[in-house]
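# Observations on the model geometry
One-letter residues, chain by chain:
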Amino acid sequence: MEKLEIKTKVLSENQRIAEELREKFRANGVLVLNFISSPGSGKTELLERTLCALPPTTRVAVLTGDIQTDNDAKRIARAGFPVRQITTGGTCHLDGSMITRGLNELGIDLADLDVLFIENIGNLVCPASYDLGEEAKIVLLSVTEGEDKPLKYPSIFFKSALFLLTKVDLLPYVPFDADAAEANARLIHPAMEIIRCSATATGGLDQWLGWLHAKMKAARESALTASHTS
Amino acid sequence: MHELSIAQSILEIVETEMKSRPKARVMVVGVRIGAMAAVDAESLRFGFDASVKGTEFDGLKLELRITEAERQCLMCDHRYMMLALESNCPECGSHDAIPLGGDELDIEYLEVDDGKAGD
Ligand SMILES: Nc1nc2c(ncn2[C@@H]2O[C@H](COP(=O)(O)OP(=O)(O)OP(=O)(O)O)[C@@H](O)[C@H]2O)c(=O)[nH]1
Ligand SMILES: [Mg+2]
Ligand SMILES: [Zn+2]
């Protein structure tokens, strides 16, 4: 018997596709965000409201993953922006090749885009393993879930840049300890950014929209710098 | 349950690696799973055994090594393993730390029987 040391990432093929996508997104100054949560934490609602709140000149597209239906795409399409549903037919996560396909189906030139939102499948575990070429993963947790979720699903909190605590308009009605939820997330990921938001309360998305605008600006500027220096 | 897709990705890599050794038979594949990799060892074993059954890899053994996430303290630079989720720096007690890893999912080795007589 001979032992061969090989040291290969199991998901190296997905990683290769994701790096390729990331390079293209960055070169074109497209901010790509990958939204991950349990089913029903409010991903689609947040996207619908965010799309309506963006300046009308923003060039934005959405890819939304679902195991079976295209309901989420229909909801988002009402905002009038290009959207494509990726139906995985059973798979519990999106992967890089699905994003490549989704982009082809959208038929948009990346040079004509400022932001791409990706709504992942409602699942806190599996999407954590698959890089989609995004600039940042964003994990959503609603106040109707448990504040110990970050400890139960550490991987996604470990890998996400931003934690959106959603549905905070319901805080008066549910026994949810928001400070404990944040403290738990910081145990896993001390430098994590955390924003409390509500898609339904007036002004409930302001802080999130501020974060988004800052990231869009940064993506645009770094693409400009890169094109000037190369 | 993405462990089935992961099992299949492992087998694809094994298959590619073995192309250059058509006479050899692979007996063991060693995989490292970081504590933050979002991969459940038991589900992976289950998915792996189901995936090899009845294929050319029937009987291939999966050896798993689970490794803890490592962190570096931002206050005192001490490096430590995040053994419990609640762990803070054992030197200075600070919570502020940057991750040094933890989401690894790597094939580390293969054990192959190269079929040479007298081995
Ligand atoms: N009160 C309140 N309800 C919300 C908020 N955000 C979302 N909801 C409601 O929560 C339910 C689920 O929201 P969705 O946006 O469909 O959740 P999702 O994460 O897209 O769900 P999946 O795509 O199935 O994983 C809907 O009935 C929303 O109207 C919020 O900020 N406050
Ligand atoms: Mg949805
Ligand atoms: Zn320390």
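Preceding block: the structure.
Residues numbered from 1 in each chain as written. Chains lettered and ligands numbered in written order. Predicted model: local features only at pLDDT ≥ 70, side-chain atom pairs only at ≥ 80, totals over all residues. Heavy atoms only, no water.

### Quick notes on the sheet that holds strand β4 (residues 79–81) of chain B
Residue and element names in this part refer to chain B.
- Judged by pairing direction, the sheet is antiparallel, and its 3 strands sit side by side in the order β4-β3-β5 without closing on themselves. Taken across any chain shown, the strands that pair with only one partner, and hence form the sheet edges, are β4 and β5 (97–99). The average angle at which neighbouring strand axes cross in this sheet is 35 degrees, direction not considered.
- Relative to β4, strand β3 (residues 70–73) runs antiparallel, the two sharing 3 bridges. In the sheet register, R71 faces β4, and the bridge partner there is Y80. (Pairing = 2+ DSSP bridges. Helix = DSSP H or I, 4+ residues; strand = E, 2+ residues; numbered from the N terminus. Axes fitted to C-alpha atoms, helices over the stretch in contact; angles between N-to-C directions.)

### Topic: the coordination of the magnesium ion (ligand 2)
Residue and element names in this part refer to chain A.
- Distances from the magnesium ion (ligand 2) to its protein donors, namely T44 (OG1), D72 (OD) and E119 (OE), fall within the range 2.0 to 2.1 Å.
- Each donor residue of the magnesium ion (ligand 2) belongs to the same chain, and together they define the spacing T-x27-D-x46-E. With a gap of 28 residues between them, T44 in helix α2 (residues 43–53) and D72 in helix α3 (residues 71–77) connect regions that are remote in the sequence.
- Here D72 falls in the buried class, since its relative accessible area comes to 13%. (Donors = N, O, S within 2.8 Å, 3.2 Å for Na, K, Ca; no water. Buried < 20%, exposed > 50% of the residue type's maximum accessible area, 1.4 Å probe, protein only.)

### Here's the deal with the nonpolar core
- Counting residues in hydrophobic clusters, the biggest one holds 31 residues, and the most contacted among them are I10, V29 and V31 of chain B.
- Mapped onto this core, the elements with two or more residues apiece are β1 (2–9) of chain A together with α1 (3–19), β1 (25–34), α2 (41–52), β2 (61–67) and β6 (105–113) of chain B.
- Broken down by element, this core gets its largest block of residues, 7 residues, from α1 of chain B.
- Aside from chain neighbours lying at most four places away, what touches V31 of chain B is V10 of chain A together with I10, L62, E63, L64, R65, L105, D106 and I107 of chain B.
- Among the nonpolar cores identified, the runner-up in size contains 29 residues, and L31, V115, L205 and L212 of chain A belong to it. (Core = buried A, V, L, I, M, F, W, Y, C linked by side-chain atoms within 4.5 Å. Contact = heavy atoms within 4.5 Å.)

### Here's the deal with the coordination of the zinc ion (ligand 3)
Residue and element names in this part refer to chain B.
- C73 (SG), C76 (SG), C89 (SG) and C92 (SG) make up the full set of protein donors to the zinc ion (ligand 3), lying at 2.3 to 2.4 Å.
- One can describe the site at the zinc ion (ligand 3) as tetrahedral: its 4 donor atoms subtend angles covering 101 to 117 degrees at the metal.
- Each donor residue of the zinc ion (ligand 3) lies on the same chain, and together they follow the pattern C-x2-C-x12-C-x2-C. With C76 in the loop between β3 and β4 and C92 in the loop between β4 and β5, this residue pair connects regions lying 16 residues apart in the sequence.
- Among the residues examined, C76 registers a relative accessible area of 34% and is labelled partly exposed.
- Judged by its relative accessible area of 41%, C92 falls in the partly exposed class. (Tetrahedral: all angles 85-135°; square planar, octahedral: opposite > 155°, others 65-115°.)

### Details of the pairing of strand β2 (residues 31–36) of chain A
All names here are of chain A.
- When you tally the buried positions in β2, you get 6 out of 6 residues, the bulk of the element.
- With burial as the criterion, each face of β2 is covered, one bearing L31, L33 and F35 and the other bearing V32, N34 and I36.
- Relative to strand β5 (residues 115–119), β2 runs parallel, the two being bridged by 5 bridges. Paired with N34 across the two strands is I118, which belongs to β5.

### Quick look at the interface of chain A and chain B
- At the junction of the two partners, chain A supplies 28 residues and chain B supplies 35 residues.
- When residues of chain A are sorted by the area they lose upon contact with chain B, M1, V10 and F158 of chain A head the list and together hold 24% of the total.
- With its nearest N and O atoms 3.6 Å apart, the salt bridge here joins D103 of chain B to K159 of chain A.
- Summed over the shared surface of chain A and chain B, the number is 12 residue pairs in polar contact (both at pLDDT 80 or more).
- Elements represented by at least two residues in the side of chain A that touches chain B include exactly β1, α6 (154–159) and α7 (178–188) of chain A.
- Of the residues forming the side of chain A that touches chain B, the biggest block, 8 residues, is contributed by β1 of chain A.
- Taken together, the residues that form the side of chain A that touches chain B break down as 16 nonpolar, 6 polar and 6 charged.
- Pairing between β1 of chain A and β6 of chain B: 6 bridges, direction antiparallel. Bridge pairing in β6 of chain B places E2 of chain A opposite V112 of chain B. (Buried area = accessible area lost by both parts, 1.4 Å probe. Salt bridge = Lys/Arg side-chain N within 4 Å of Asp/Glu carboxyl O. Polar contact = N/O pair within 3.5 Å; in protein donor to acceptor, adjacent residues only side chain to side chain. Nonpolar A, V, L, I, M, F, W, Y, C, P; charged D, E, K, R; others polar.)

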